[in-house]
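Observations on the three-dimensional arrangement
Spelled out from the first residue to the last, the chains are:
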Amino acid sequence: MKGHLKKYSLFMLIVVIDLILRWRVPTAGSTAVSSSIDYLVEMLLFIPPIFVLVGLLDVWAPRKIVEKHVGPDSGAKGVVISILVATAAAGPLYAGFPVAIALLKKGCRLANAVIFLGTWATIKIPMLMMEIKFMGLSFALTRLILTVPVVILIGYLIEKIVEAGKDLGSRNPHREVENIS
Amino acid sequence: MFNVILFIMTLAVLIYSFKKDRQKTRQALKIAYNSFRNILPSMLGIIGLIGLMLALVPRETIEGLFGNNSPAGILIISAAGSVMLIPAFIAFPLAASLLQAGASIMAVSSFITTLLMVGVLTAPMEIQYFGKKFTILRNVFSLAAALGIAVIMGVVLQ
């Protein structure tokens, strides 16, 4: 119960500020409350179906397929699959860490794991819908088009650098990762 | 209109899923409910902050700081994006309200790109999973990429 209250502390603080504003500076107070309510209504009309989609994607997205197709010798196909699966994911970036580790342990190459993480962080489908709704289609599309190549590039760059840092004898790009986890 | 299409689409997918596998669909709805419950407190908090910002911070202040693509403004808002830990779901309404309050596309883009790609507060967790070198590389590259993308967006979407 206490943890529950703590989660709402920011909201409760704001309600108090809103009340004080309404009392001391009525114009600012009513602007604050009415713009908050506008945003709240807009989000409540929009978020429930998105979360249902997130849930469905989470249940149906076939993680097994990824594990099969993102191994050390996977080229473009591995990249495409990493991206597609990550876009269907739910949850913040740090929720993607254990998934990426699981992929690495299954033999996924480092570049694909980084691409998976980058996609997970930046272009999930439910998130894109939110972006289109609030920022507009051209904003969302431009960001998407610019982000995909950059994420892929970062994946290969990191793999190159990490691999170059290893002993010449070891060709395993994610040995360090395995030892740590 | 967008909402109507979304509702119809979701409903169609949901019915299809339910016909294929009741158990999975039930689990999906549970995930949906839990995600909603998890996000609700921060959502209400951020929405409240948006209201306060629109009411209390004069348009000139936001325009002056983030409206003219000044390097200082972009750096401040990128630092905020890199450090903050708010779900993307709520970040977009916040970004929209910043635009509404007079911030430039470039500034708002850098907020979003850094927020999504750079994680300063989650770095310790990332180090535990992937090691220090990986984490530093990923975050530094991502920061550079985030700024680059934002600058291009600011130019393209004038």
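This is a predicted model, so every value here is computed, not measured.

1. Here we look at unusual backbone geometry
Backbone geometry follows two general trends: most residues other than glycine have a negative phi, and most peptide bonds adopt the trans configuration. Even without a glycine there, the phi angle at B:N69 is positive, about 55 degrees. Relative to the helices and strands, B:N69 resides in the loop between α3 (59-66) and α4 (71-83).

2. Focus on the domain arrangement of chain A
Many structure descriptions define interface size as the accessible area lost when the parts assemble. All names here are of chain A. Annotation of chain A at the domain level lists domain 1 (1-46) and domain 2 (61-180). Listed per partner, the contact involves four residues of domain 1 and four residues of domain 2. Buried surface at the junction of domain 1 and domain 2, both sides included, amounts to about 420 Å², of which 87% is carbon and sulfur. A per-residue breakdown of the area domain 1 buries against domain 2 is headed by E42, M43 and F46, which together make up 90% of the total. The tally of links from domain 1 across to domain 2 stands at zero salt bridges. Connecting domain 1 to domain 2 are zero residue pairs in polar contact (both at pLDDT 80 or more).

3. Overview of the packing of aromatic side chains
Here the structure, examined in full by the defined rule, presents seven aromatic pairs over all chains. Seen in terms of ring centroids, B:F130 and B:F134 are 4.6 Å apart; in terms of plane orientation they differ by 20 degrees. Their pairing is stacked. When its relative accessible area of 3% is taken as the criterion, B:F134 is described as buried. Taken together through their ring pairs, the aromatic side chains of A:F97, B:Y129, B:F130 and B:F134 make up a single cluster.

4. What about α4(B)?
Residues and elements named next belong to chain B. The end-to-end C-alpha distance of α4 is 18 Å, a good match for the 18 Å that 13 residues give at a rise of 1.5 Å each. Where α4 is concerned, the buried positions are G73, I74, I77, S78, G81 and S82. Each buried residue of α4 sits inside an arc of 160 degrees when the element is viewed along its axis, so together they form one side. Structurally, α4 contributes buried residues whose contacts are with α3, α5 (88-100), α6 (105-117) and α8 (132-156).

5. Here we look at the side chain of B:S109
Relative to the elements of secondary structure, B:S109 occurs in helix α6. Those residues within four positions of B:S109 in sequence are excluded, and the remaining contacts are A:F139, B:A150 and B:M153.

6. With respect to the environment of A:L5
Residue and element names in this part refer to chain A. As for its placement among the helices and strands, L5 is situated in helix α1 (residues 2-7). Residue L5 is classed as partly exposed on the basis of its relative accessible area, which comes to 45%. Spatially, the C-alpha atoms of L5 and V16 are 15 Å apart, while their sequence positions differ by eleven residues.

7. What about the packing of helix α3 (residues 26-60) of chain A against helix α2 (residues 22-56) of chain B?
Remark: α3(A) packs on α2(B), axes separated minimally by 7 Å, with the N-to-C direction vectors making an angle of 160 degrees. Comparing their axes, α2(B) and α3(A) come out roughly antiparallel. The chirality of how α3(A) crosses α2(B) is right-handed.

8. Thoughts on the interface of chain B and chain A
The interface of chain B with chain A comprises 75 residues on the first partner and 67 residues on the second. Summed over both sides, the interface of chain B with chain A buries roughly 6500 Å², with 85% coming from carbon and sulfur. Its largest share of buried area at the contact with chain A, chain B owes to B:F89, B:Y129 and B:F130, together 11% of the area lost on that side. Counting across the chain B and chain A interface gives zero salt bridges. Here chain B is connected to chain A by four residue pairs in polar contact (both at pLDDT 80 or more). Elements with a contribution of two residues or more to the side of chain B that touches chain A: α1 (2-20), α2, α5, α6, α7 (123-130) and α8 of chain B. When residues in the side of chain B that touches chain A are grouped by element, the largest group, 25 residues, is from α2(B).

9. Here we look at the side chain of B:T114
All names here are of chain B. Assignment of secondary structure puts T114 in helix α6. Owing to a relative accessible area of 0%, T114 belongs among the buried residues under this scheme. From its side chain, T114 meets the backbone oxygen of S110 in a polar contact 2.6 Å long. Aside from chain neighbours lying at most four places away, what touches T114 is I77, S78, G81, S82, L143 and A146.

What counts, and where the lines are drawn
Residues numbered from 1 in each chain as written. Chains lettered and ligands numbered in written order. Predicted model: local features only at pLDDT ≥ 70, side-chain atom pairs only at ≥ 80, totals over all residues. Heavy atoms only, no water. Helix = DSSP H or I, 4+ residues; strand = E, 2+ residues; numbered from the N terminus. Domains from an automatic or database assignment. Contact = heavy atoms within 4.5 Å. Buried area = accessible area lost by both parts, 1.4 Å probe. Salt bridge = Lys/Arg side-chain N within 4 Å of Asp/Glu carboxyl O. Polar contact = N/O pair within 3.5 Å; in protein donor to acceptor, adjacent residues only side chain to side chain. Phe/Tyr/Trp six-rings, centres within 6.5 Å; stacked < 30°, edge-to-face > 60°. Buried < 20%, exposed > 50% of the residue type's maximum accessible area, 1.4 Å probe, protein only. Expected span 1.5 Å × (residues − 1). Arc of directions from axis to C-beta. Axes fitted to C-alpha atoms, helices over the stretch in contact; angles between N-to-C directions. Parallel < 35°, antiparallel > 145°, perpendicular 65-115°, else oblique. Left-handed = near helix turned anticlockwise from the far one by under 90°.

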